[in-house]
Amino acid sequence: MNDIKDYFTGVKSTLSGDFKVGVYGSYTVIEALKDLVDYCWQTYAWSSGKISNQAHLRQYHNNVTVEGIKIDKNEAYKSDIGQWSVKLNDSKKASKSKKTSNNKIIENTYKVKLGDTLSAIASRNGTTIKALQQLNGITNPNIITTGQTLILKGDSKKSNTNSYTVKSSDTLSGIALKHGTTVKQLQNLNKIGNPNKIHVGQKIKVPDNTKQTHNRINLFINDI
């Protein structure tokens, strides 16, 4: 334990400004480091069921399957647990807005980044998950993709789409990729039951405020 204390003392001594030091460890480690770190995340393992009063976050259930993905469940004891956050100014820069001559916002978009969730995007932009679902034709709020462009604000009753005419050799996935959206969103916008059945000359509604992305490889690189 003395070696662990020395290590964290060294880490903290090299950092300055807004940088914080956090520890992810067992009950015993958390208790020992309470005066040496800013944030304590307690593990489920090696804690023997005990909960440290120093813990900001505690892992309480391992290897839980949610939507086919293995996760660990955690509970927070404080509002500030050392989590990542985005400043309001940064989120404004990440989004794009078009304005009319009287400065009224008529559209606002955000491109999904790796690690984004719909709830986090809604919180950062002063909206709700439900509103984003309605504006973007999202049926499952847990499924958004890196590179997808979301409409943040607007009247969900109004049309925020353009029309695309299906050409020979077109696929719905290819159309989605070119317009920065998803197959699921196009299905919802156009009431398409089978994504494999579109025909030449068919008019497809596509989001009108997305940039075209032609290189699928770039999307995979961004994900990595």
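Residues numbered from 1 in each chain as written. Predicted model: local features only at pLDDT ≥ 70, side-chain atom pairs only at ≥ 80, totals over all residues. Heavy atoms only, no water.

Quick word on the overall build of the protein
Then step 1. In terms of helices and strands, the protein carries eight helices and nine strands.
Then step 2. When burial is assessed residue by residue, the protein has 33% of its 224 residues classed as buried.
Then step 3. Nonlocal contacts in the protein, meaning residues at least 24 apart in sequence, comprise 44% of its contacts between residues at least 6 apart.
Then step 4. A total accessible area of about 14700 Å² is found for the protein, and carbon and sulfur atoms account for 51% of it. (Helix = DSSP H or I, 4+ residues; strand = E, 2+ residues; numbered from the N terminus. Buried < 20%, exposed > 50% of the residue type's maximum accessible area, 1.4 Å probe, protein only. Contact = heavy atoms within 4.5 Å. Areas by Shrake-Rupley, 256 points an atom, 1.4 Å probe, with all protein chains shown as cover.)

Considering helix H5 (residues 129–136)
Then step 1. Residues of H5 that are buried: Leu-132, Gln-133, Leu-135 and Asn-136.
Then step 2. Buried residues in H5 make contact with helix H4 (118–124), strand S7 (149–153) and helix H7 (183–190).

Quick word on the pairing of strand S4 (residues 69–76)
Then step 1. Bridge count for strand S3 (residues 57–66) against S4 is seven bridges, and the pairing is antiparallel. Opposite His-61, over in S4, you have Lys-73 as the bridge partner.
Then step 2. Linkage of S3 to S4, two consecutive antiparallel strands, is achieved through a turn of two residues, within which Glu-67 is found at a positive phi near 55°. (Pairing = 2+ DSSP bridges.)

A closer look at the packing of aromatic side chains
Then step 1. Applying the stated rule across the entire model yields one aromatic pair.
Then step 2. Relative to Phe-8, the ring of Tyr-7 has its centre 5.4 Å away and its plane inclined at 85°; by these criteria the two rings are edge-to-face.
Then step 3. In this structure Phe-8 comes out as buried when scored by relative accessible area, which is 13%. (Phe/Tyr/Trp six-rings, centres within 6.5 Å; stacked < 30°, edge-to-face > 60°.)

A word on the pattern of salt bridges
Then step 1. Summed over all chains, the structure comprises four salt bridges.
Then step 2. Arg-124 serves as the salt-bridge partner of Asp-116, at 3.3 Å between the closest nitrogen and oxygen.
Then step 3. Given the relative accessible area of 17%, Asp-116 is considered buried. (Salt bridge = Lys/Arg side-chain N within 4 Å of Asp/Glu carboxyl O.)

Brief notes about the sheet that holds S4
Then step 1. Ordered in space as S1-S2-S3-S4, the four strands form an open sheet in which the pairing is mixed. Among the strands making up the open sheet, the edge pair consists of strand S1 (22–25) and S4. Across this sheet, the average inter-strand angle for adjacent strands is 30°, counted without regard to direction. (Axes fitted to C-alpha atoms, helices over the stretch in contact; angles between N-to-C directions.)

Quick look at the confidence of the model for the protein
Detailed reading of the predicted coordinates is not advisable wherever pLDDT falls low.
Then step 1. Looking at the protein, pLDDT values average 79 and 79% of them are 70 or higher.
Then step 2. In this model, residues 209–224 is a region of pLDDT below 50 whose contacts with residues beyond four sequence positions or in other chains number 26 contacts. (pLDDT = per-residue confidence, 0-100.)

Thoughts on a nonpolar patch on the surface
Then step 1. Residues Val-66, Ile-69 and Ile-71 make up a contiguous nonpolar surface patch of roughly 230 Å² in combined accessible area.
Then step 2. Along the chain, Val-66 falls in strand S3. (Patch = residues over 30% accessible without salt bridge, like charges linked within 9 Å, V, L, I, M, F, W, Y side chains within 5 Å.)

Some thoughts on the side chain of Ser-26
Then step 1. Looking at where Ser-26 falls in the secondary structure, it is placed in the loop between S1 and helix H2 (27–32).
Then step 2. Ignoring any residue separated from it by four or fewer positions in sequence, one finds Ser-26 in contact with Gln-42, Thr-43, Ala-45, Trp-46 and Ser-47.

What about the pairing of S1?
Then step 1. Here S1 shows a buried face lined by Val-23 and Gly-25 and an unburied face lined by Gly-22 and Tyr-24.
Then step 2. Handedness of the S1-H2-strand S2 (residues 39–42) crossover: right-handed. (Right-handed = clockwise from strand over helix to strand, strands pointing away.)

Overview of the environment of Val-64
Then step 1. Structurally, Val-64 can be placed in strand S3.
Then step 2. Val-64 gets classed as buried once you look at its relative accessible area, which sits at 13%.
Then step 3. Excluding residues that lie within four positions of it along the chain, Val-64 makes contacts with Ile-69, Lys-70, Ile-71 and Lys-73.

Here's the deal with the environment of Leu-186
Then step 1. By the secondary structure assignment, Leu-186 is in helix H7.
Then step 2. Setting aside its immediate chain neighbours within four residues, Leu-186 contacts Leu-172, Ile-175, Ala-176, Thr-181, Ile-192, Ile-204, Lys-205, Val-206 and Pro-207.

Brief notes about the side chain of Asp-116
Then step 1. Tracing the chain through its elements places Asp-116 in the loop between strand S6 (105–111) and H4.
Then step 2. A polar atom in the side chain of Asp-116 sits 2.7 Å from the side chain of Tyr-110.
Then step 3. Looking at Asp-116, its side chain comes within polar contact range of the side chain of Arg-124, at 3.3 Å.
Then step 4. Not counting the four nearest positions on each side in its chain, Asp-116 is found in contact with Tyr-110, Lys-111, Ile-121, Arg-124 and Ile-144. (Polar contact = N/O pair within 3.5 Å; in protein donor to acceptor, adjacent residues only side chain to side chain.)

Describing H7
Then step 1. Listed in full, the buried residues belonging to H7 are Gln-185, Leu-186, Gln-187 and Asn-190.
Then step 2. Close packing links the buried residues of H7 with H5, helix H6 (172–178) and strand S9 (203–207).
Then step 3. One or two steps after H7, the chain reaches Lys-191, where phi turns positive at roughly 55°.

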